[in-house]
Amino acid sequence: MNRIILIAVMLFTGVCCAYGGSEDSRSNKIEIDIEPQFGMEATLPGPLKSGNAGARAYNVGGGCHIGCLANFHISEHLFISPGIFWFVNNFSMKEKWVNAIDSRVRSVWYNRNGIRIPLYVGYRWSFSSNKAFSLFTGPEFQCGIGGNETLHMDDVSVSNKIYSEEIGFRRCGENWIIGAKFDINRVTISASGGFGMINLVRIKDISLNENRVNIGVEYKF
């Protein structure tokens with residue numbers, strides 16, 4: 001089902017792009033604005049699942065992202081927004097799971113960084129020449145570049161690459177984003193939620209999805 005939704009949105013985006021390149025569209029002077037964005041995010045790992053059983057092994061984490069969106073206004077209200085972002089985030093393992101690993105381990109932390117490529121479709125309502133409200137949705141593709149699992153003990157810390165075979169996290173993933181933003185002059189404030197569409201671990205018979213909440217500030221050029 002997720003794949004069908006993803007394909008449908010990408011086809012719709014393709015139609016919008018084709019319309020944007022048509023002679024009629026060019027005569028309407030399609031507007032394009034570039035929005036650098038900085039944002040904060042909360043990382044919400046779901047339960048570790050095996051079969052019908054599941055348990056929450058990770059705490060809520062946090063992070064930030066920086067990047068840019070290109071907004072193609074293909075009509076008075078409709079727009080598409082591809083973009084690219086660099087992200088950094090981390091989260092930790094719950095204490096009862098840490099105790100099960102080794103009595104010497106005090107905490108386990110995971111940190112990641114990488115690239116996200118969103119592709120949004122949105123609808124915009126203008127209240128005046130300098131104020132507008134928009135809703136947007138679409139897929140976001142993620143590729144992890146680096147990261148570690150770090151076990152903190154009393155006198156030493158041990159780190160392993162998070163995307164190694166030993167740790168078993170998946171490097172690439174997809175989220176479905178639903179959000180809203182408010183424009184005031186050239187400044188945009190946005191809020192969105194991301195829902196994990198792909199199992200984040202490569203361990204047999206184990207699954208883990210991750211959701212996310214984002215708050216961002218953008219400036220139009």
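Structural data are supplied above this passage.
Computed from a predicted model, the values in this text were never measured in an experiment.

A.B. asks: Give a description of the pairing of strand E10 (residues 187–196) that names residues and reports values.
C.D. replies: Here 10 bridges tie strand E9 (residues 172–184) to E10, and the two strands are oriented antiparallel to one another. In the strand pairing of E10, Asp183 is matched with Thr188. Between E9 and E10, which follow one another and run antiparallel, lie two residues, and Asn185 among them has a positive phi close to 55°. Where E10 meets strand E11 (residues 210–219), eight bridges bridge the pair, whose relative direction is antiparallel. Residue pairing for E11: Thr188 is matched across the bridge by Glu218.

A.B. asks: Account for unusual backbone geometry, with residues named and values stated.
C.D. replies: One non-glycine residue with positive phi stands out, namely Asn185, at about 55°. Non-glycine residue Asp205 carries a positive phi angle of around 65°. Inspection of the secondary structure puts Asp205 in the loop between E10 and E11.

A.B. asks: Explain the environment of Pro118 to me, using residue names and the numbers behind them.
C.D. replies: Positionally, Pro118 belongs in strand E6 (residues 105–128). According to the relative accessible area criterion, Pro118 is buried, its value standing at 1%. When near neighbours in sequence (up to four residues on either side) are disregarded, Pro118 contacts Leu69, Ser81, Pro82, Gly83, Ile84, Phe85, Pro139 and Glu140.

A.B. asks: Requested: an account of the packing of aromatic side chains, with residues and values cited.
C.D. replies: Applying the stated criterion across every chain yields a total of eight aromatic pairs. Considering the side-chain rings of Tyr58 and Tyr110, the 5.5 Å spacing of their centres and the 85° angle between planes classify their relative orientation as edge-to-face. Highlighted residues: Tyr58 in the loop between strand E3 (53–55) and strand E4 (61–73) and Tyr110 in strand E6, separated in sequence by 52 residues. Exposure class is identical for Tyr58 and Tyr110. Each is buried. Here the aromatic rings of Trp125 and Phe133 are separated by 6.2 Å at their centres, their planes lie at 25°, and the arrangement is stacked. An aromatic cluster of at least three residues, connected via ring pairs, comprises Tyr58, Phe91, Tyr110 and Phe169. The aromatic ring of Phe87 is capped on one face by Arg116, whose charged end is 4.1 Å from the ring centroid.

Definitions and cut-offs
Residues numbered from 1 in each chain as written. Predicted model: local features only at pLDDT ≥ 70, side-chain atom pairs only at ≥ 80, totals over all residues. Heavy atoms only, no water. Pairing = 2+ DSSP bridges. Helix = DSSP H or I, 4+ residues; strand = E, 2+ residues; numbered from the N terminus. Buried < 20%, exposed > 50% of the residue type's maximum accessible area, 1.4 Å probe, protein only. Contact = heavy atoms within 4.5 Å. Phe/Tyr/Trp six-rings, centres within 6.5 Å; stacked < 30°, edge-to-face > 60°. Lys NZ or Arg CZ within 6 Å of the ring centre and 35° of its normal.

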